[in-house]
Amino acid sequence: MGRPPGALADLPDVVVQQVQVASTDGALVRAFVVARRDALDADGRPHAPAPTVLYGYGGFQISLDPAYSATTLAWVEAGGVYVVANLRGGGEEGEQWHRDGMRGVKQHVFDDFHAVAEHLVAAGWTSPDRLACWGGSNGGLLVGAALTQRPDLFAAVVCSAPLLDMVRYQRFGLGVTWTEEYGDADDPQELGWLLGYSPYHRVVDGTAYPATLFTVFEGDTRVDPCTPASSPRPCRPPPPHRCRSVRCSCAARGASGTAAVRCRAPSR
C-alpha cells in the first residue's frame, strides 16, 4: 500500500558534516559531506574510502544552500558519499566571495574545487579512482576545468550544458550577457584571463583523462548547445564501443538533448 498523505518517508540514517578546507591561496572553503552513519566511526571519520560525487557551481553569486534531495539520499543509501562545495564565485559568504571568483580571478574557483577534492582523498573519504565530479552550466565550466587541469584527481566527470570554449562563449545564446562575470574575449587583457583556464584550449594530446559524460540540450535557452558540443576534443580516440552519442529527453528542462559519452579506462 502507498503511504497516506502527510506520512513521513523512510529515510536512510545519514550524517551531514560541514568541513573547512584551505585553498591554494589560503582562503577557507566550506563543503557539506553527506554519508551513511554506519560508514563512519564514533568521531565521524570514514571507515574506508567510498565512491564519492563532488558537486559545485562557483559563479554568479549563486549559493548552494542545504536542501532535501531524493537523488542524493539514494546515492548515499547505496553506500556513496555526496559532497557539495561552497566555492568562491558563489554567494555563500557575501558579495566579496562572489567577486573573488569572477573575471581575472576565476581560477580561484577551480583551485577551491581541487582543494576540496584533495581534502576528501587525504581525509580518507574517497580515492582518485573512486572520485567523480559533477556540474552544469557554469558548473559545467567548473568540472571542465577540473577535467583539464587535474585529470589525475578524478575517475569520472559529468559535464552538463557547459561553457568550455571561453574564447567564443559570448558569440552564442546569452553568452554576451555574461562578460561581466567571465570577461570579454574581445579585450586583449581579458582574453588572457579566459585563455588561462578555457578547458577547450587546455586539452593536451596524450593525456589520460577521466571517463567523461557531456550532456547538451537542444532547447537550452541559456547555454547554446553548439557551445559545448565541439569541446573538448578527445585526445586519443577511444575504441568504438566506448564512444557513442545517444538521444535522451530531459523533462526538467522540457527539451530533448544529446549526450556524448567519451571514456577511457587506463590502469592507474
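Residues numbered from 1 in each chain as written. Predicted model: local features only at pLDDT ≥ 70, side-chain atom pairs only at ≥ 80, totals over all residues. Heavy atoms only, no water.

Of regular secondary structure, the protein chain possesses 7 helices and 9 strands. Burial status across the protein chain gives 47% buried among its 268 residues. Nonlocal contacts in the protein chain, meaning residues at least 24 apart in sequence, comprise 69% of its contacts between residues at least 6 apart. Of the accessible surface of the protein chain, which amounts to about 13100 Å², a share of 54% is contributed by carbon and sulfur atoms. (Helix = DSSP H or I, 4+ residues; strand = E, 2+ residues; numbered from the N terminus. Buried < 20%, exposed > 50% of the residue type's maximum accessible area, 1.4 Å probe, protein only. Contact = heavy atoms within 4.5 Å. Areas by Shrake-Rupley, 256 points an atom, 1.4 Å probe, with all protein chains shown as cover.)

Per-chain confidence: the protein chain averages 85 in pLDDT, with 81% of residues scoring 70 or above. Note on residues 229–268: pLDDT under 50 across the span, and 87 contacts to partners over four residues away in sequence or across chains. (pLDDT = per-residue confidence, 0-100.)

Turning our eyes to something else, we now look at the layout of surface pockets. Empty space within the largest pocket amounts to approximately 580 Å³. Surrounding the largest pocket, 19 residues form its lining, Ala 67, Ser 69, Thr 72, Tyr 82 and Val 84 being those nearest its centre. Only β1 (14–22), β2 (28–36), β3 (52–55), α1 (70–77) and β4 (81–86) provide two or more residues apiece to the lining of the largest pocket. For the lining of the largest pocket, the leading source of residues is α1, giving 4 residues. Considering only residue class, the lining of the largest pocket consists of 15 nonpolar, 3 polar and 1 charged. (1 Å grid on protein atoms, 1.4 Å probe; cavity = no way out; pocket = protein on both sides within 12 Å on 5 of 7 lines; lining within 4 Å. Points joined across faces, edges and corners; volume = space filled by probe spheres on them. Nonpolar A, V, L, I, M, F, W, Y, C, P; charged D, E, K, R; others polar.)

Direction of pairing for strand β5 (residues 131–136) relative to strand β6 (residues 156–160): parallel, over a ladder of 5 bridges. Residue Cys 133 lies in a different strand from β6, and its bridge partner there is Val 157. Each parallel crossover has a hand, and for β5 linked through helix α4 (residues 138–149) to β6 it is right-handed. Pairing geometry for β6 and strand β7 (residues 211–217), over 5 bridges, is parallel. Pairing of Ser 160 across the sheet is with Thr 215, part of β7. (Pairing = 2+ DSSP bridges. Right-handed = clockwise from strand over helix to strand, strands pointing away.)

Within the structure shown, the criterion is met by 6 aromatic pairs. Put simply, the rings of Phe 60, Tyr 169, Trp 178 and Tyr 182 pair up and form one aromatic cluster. (Phe/Tyr/Trp six-rings, centres within 6.5 Å; stacked < 30°, edge-to-face > 60°.)

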